Amino acid sequence: MLRDLLLVMTLDVEHFAKVRLLALAEDHGEDGYGVLRDYLASASRNQRSYIQSEIDRREGSPYSGDMVRKYRDDMLWKLEGLLWEVG
């Protein structure tokens, strides 16, 4: 029972963080593409390589593989979802 409660709480916190991130982007007139572009442009070559390898690794995942294959280079919320899984 405690395990189920913790799982629900964790999912709630994750959902709140995602919604807050998207709201902040929208409040600043961002559509997600610019945020992602700027983030990747500011990352070092090693960071970009790590991010790409983590996205590639998840292509075979039953949890996120479909999302990776369909939206590989798409908007902020999709990358953010993968980064939550990486974290």
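In the block above lies the structure referred to throughout.
On a predicted model such as this, the values are computed, not experimentally measured, just so you know.

Draft legend 1. Region of interest: the overall build of the protein chain. When you go through the protein chain residue by residue, the secondary structure sums to 5 helices and 0 strands. Walking the protein chain from its N terminus toward its C terminus, one meets helices and strands in the order α-α-α-α-α. The burial tally for the protein chain puts 24% of its 87 residues in the buried class. Within the protein chain, contacts between residues at least 6 apart in sequence are counted, and of these 53% link residues at least 24 apart. Here the protein chain displays about 6,700 Å² of accessible surface, and carbon together with sulfur accounts for 59% of that area.

Draft legend 2. Layout of the pattern of salt bridges. Summed over all chains, the structure comprises 3 salt bridges. The residue E54 makes a salt bridge to R57 at a minimum N-O spacing of 2.8 Å. Residue E54 and its partner R57 are located together in helix α3 (residues 45-58), separated by 3 residues, close to a single helical turn. Its relative accessible area of 54% is what places R57 among the exposed residues. Between E54 and R58 there is a salt bridge, with the nearest N and O atoms lying 2.8 Å from each other.

Draft legend 3. Looking closely at helix α1 (residues 2-27). Taking 1.5 Å as the rise per residue, α1 with 26 residues should run 38 Å; its terminal C-alpha atoms sit 37 Å apart, in good agreement. Once α1 finishes, G29 follows within two positions and takes phi at roughly 70°, a positive value.

Draft legend 4. View of the environment of V68. Relative to the elements of secondary structure, V68 occurs in helix α4 (residues 65-71). Given the relative accessible area of 1%, V68 is considered buried. For the pair formed by V68 and R58, sequence separation is 10 residues and the distance between their alpha carbons is 7.0 Å.

Draft legend 5. Representation of a nonpolar patch on the surface within the structure. A surface patch of nonpolar side chains, about 400 Å² in accessible area, is lined by L2, L5, L6 and M9. Residue position: L5 is located in helix α1. Note on L5: relative accessible area 47%, which makes it partly exposed.

Conventions used here
Residues numbered from 1 in each chain as written. Predicted model: local features only at pLDDT ≥ 70, side-chain atom pairs only at ≥ 80, totals over all residues. Heavy atoms only, no water. Helix = DSSP H or I, 4+ residues; strand = E, 2+ residues; numbered from the N terminus. Buried < 20%, exposed > 50% of the residue type's maximum accessible area, 1.4 Å probe, protein only. Contact = heavy atoms within 4.5 Å. Areas by Shrake-Rupley, 256 points an atom, 1.4 Å probe, with all protein chains shown as cover. Salt bridge = Lys/Arg side-chain N within 4 Å of Asp/Glu carboxyl O. Expected span 1.5 Å × (residues − 1). Patch = residues over 30% accessible without salt bridge, like charges linked within 9 Å, V, L, I, M, F, W, Y side chains within 5 Å.

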